[in-house]
Amino acid sequence: MTSPGPAAPASRRTVTAAVVQAGAPLFDTRAALVRAEELVREAVSERGAEVVVLPEAFLGGYPKGLDFGITVGSRTPAGRDLFRRYHAAAVDVPGPEVDALAALTRELGCHAVVGAVERRGGTLYCVALFFGPAGYLGLHRKLMPTAAERSLWGQGDGSTLPVIDTGTARLGAGICWENYMPLFRTAMYAKGVDLWCAPTVDDRDSWQASMRHIALEGRCFVLSANQYLRRDALPSDVRPVQGDSPDTVLIGGGSVIVSPLGEVLAGPLRDGEGILTAVLDLDDLARARFDFDPTGHYARPDVFTLQVDGTVRSTVSGI
């Protein structure tokens with residue numbers, strides 16, 4: 001009697017992911033939207049991407065090197081007017097820019113995570129916007145703006161920590177230095193994030209170590225998209241502290257894609273704009289979690305627990 005041969009291998013489950021490295025026009029929302037649409041379309045139509053990540057504050061802009069006339073205990077009239085311009089360039093959610101990107105991902109049948117500056121009344125928030133084949137899916141507001149960012153952006157609360165199930169993988173986002181917050185990461189791991197999207201403007205070499213660490217710690221793929229921004233992309237009437245030469249690099253890139261075992265699959269990209277892509281083998285998630293699952297079999301709930309407040313925090317309610 002002939003013994004059966006080995007079982008045929010299961011078909012490979014993959015997702016093609018892209019991280020976009022580009023500079024965002026500052027104080028020109030229409031130009032930023034057109035650029036975002038072009039980049040998402042290129043990533044999908046020419047690179048075969050199914051998931052596309054754009055950098056932090058791509059819509060609305062990241063004003064690297066501008067001080068908005070702030071010193072401790074004082075603000076200048078010129079700085080207030082610069083903030084007025086920044087506020088006007090932010091996007092409403094919902095709003096026309098969100099509608100346009102939702103229409104694009106519906107057309108292309110892809111998922112996208114887009115960094116933006118959200119305008120909510122008199123307050124701005126740094127956000128990651130989620131889109132898919134069904135359109136707009138939700139947002140994450142940055143929990144803790146870093147250093148001088150706190151003069152421009154408000155703090156998010158625990159109600160906007162989504163993990164989006166695409167049907168094949170689960171998308172979540174940590175914006176720039178949120179990635180350094182261990183309790184935030186733990187909460188996201190517990191939600192089962194598979195593709196950790198990290199829109200950022202941190203171009204330091206140390207960022208690479210953090211992205212590889214999060215991939216290893218969370219046993220997830222990490223997709224980090226950074227801006228590459230030069231002085232000549234800013235309006236001529238602003239003066240960044242880095243210098244006024246047109247070719248001065250304000251944000252130096254470093255976009256990267258990392259596997260759940262910390263292996264760099266694409267990047268880091270330096271010295272210019274571009275799109276990185278990688279085919280992600282989703283079975284690598286289970287392979288990596290075999291010996292480490294940070295909120296599962298490698299956790300010690302008898303010793304450590306984390307309570308997450310996911311309620312909406314509003315100053316005024318009932319009206």
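On a predicted model such as this, the values are computed, not experimentally measured, just so you know.

### Focus: the packing of aromatic side chains
Both the distance between ring centres and the angle between the ring planes are used here to describe each pair of aromatic rings. Summed over the entire model, instances satisfying the criterion amount to nine aromatic pairs. Summarising the aromatic geometry, the rings of tyrosine 180 and tryptophan 207 are spaced 5.9 Å apart at their centres and angled 75° between planes, so their arrangement reads as edge-to-face. With a gap of 27 residues between them, tyrosine 180 in the loop between strand E9 (170–173) and helix H4 (182–190) and tryptophan 207 in helix H5 (residues 205–218) connect regions that are remote in the sequence. Tyrosine 180 gets classed as partly exposed once you look at its relative accessible area, which sits at 30%. On the basis of relative accessible area, tryptophan 207 is assigned to the buried category, the value being 0%. Ring geometry for tyrosine 189 versus tryptophan 196: centroids 5.6 Å apart, planes at 50°, classification tilted. For the residue pair tyrosine 189 and tryptophan 196, the accessibility class agrees, reading buried in each case. One aromatic cluster in this structure is built from Phe27, Phe68 and Tyr86. Cation over ring: arginine 85 sits above phenylalanine 27, and NZ or CZ is 4.5 Å from the ring centre.

### Quick look at the nonpolar core
Of all hydrophobic cores here, the largest spans 47 residues; its most connected members are Tyr86 and Leu223. Of the residues forming this core, the biggest block, four residues, is contributed by strand E6 (residues 123–132). Ignoring any residue separated from it by four or fewer positions in sequence, one finds tyrosine 86 in contact with Leu26, Phe27, Gly60, Gly61, Tyr62, Pro63, Phe68, Val117, Leu124, Leu152 and Trp153. Counting residues in each nonpolar core, the second largest holds 33 residues, with Leu39, Val40, Tyr125 and Ile275 among its members.

### Structural notes on the pattern of salt bridges
Evaluation of the coordinates by the stated rule reveals 25 salt bridges. Residues glutamate 273 and arginine 35 are paired through a salt bridge, measuring 2.7 Å at the closest nitrogen-oxygen approach. Of this pair, glutamate 273 sits in the loop between strand E14 (264–270) and strand E15 (274–281) while arginine 35 sits in helix H1 (residues 29–45); the two residues are 238 residues apart in sequence, bridging distant segments of the chain. Overall, glutamate 273 belongs to the partly exposed group, its relative accessible area being 41%.

How each quantity is defined
- Each chain has its residues counted from 1, running along the sequence as written.
- At least 70 in pLDDT is required for a residue's local features to be given in this predicted model, at least 80 for side-chain atom pairs to be given and counted, and no such filter applies to totals for whole chains, interfaces and linings, which use all residues.
- Note that water and hydrogens are dropped before the side-chain values are worked out from all heavy atoms of the structure.
- Any pair of Phe, Tyr and Trp rings, taking the six-membered ring for Trp, is counted once the centres come within 6.5 Å. Such a pair is stacked with planes under 30 degrees apart, edge-to-face with planes over 60 apart, and tilted for the rest.
- Helix and strand definitions follow DSSP, with helices as H or I runs of at least four residues and strands as E runs of at least two, each counted in order from the N terminus.
- Partly exposed residues are those whose accessible area sits between 20% and 50% of the maximum for their type, while under 20% is buried and over 50% is exposed, using a 1.4 Å probe and protein chains only.
- Here, a charge over a ring means that NZ of Lys or CZ of Arg falls within 6 Å of the ring centre while also lying within 35 degrees of the ring normal.
- Nonpolar core, defined: a set of buried Ala, Val, Leu, Ile, Met, Phe, Trp, Tyr and Cys residues in which side-chain atoms within 4.5 Å join the residues together.
- What makes two residues a contact is simply this: any of their non-hydrogen atoms within 4.5 Å.
- A pairing counts as a salt bridge when a side-chain nitrogen of Lys or Arg comes within 4 Å of a carboxyl oxygen of Asp or Glu.

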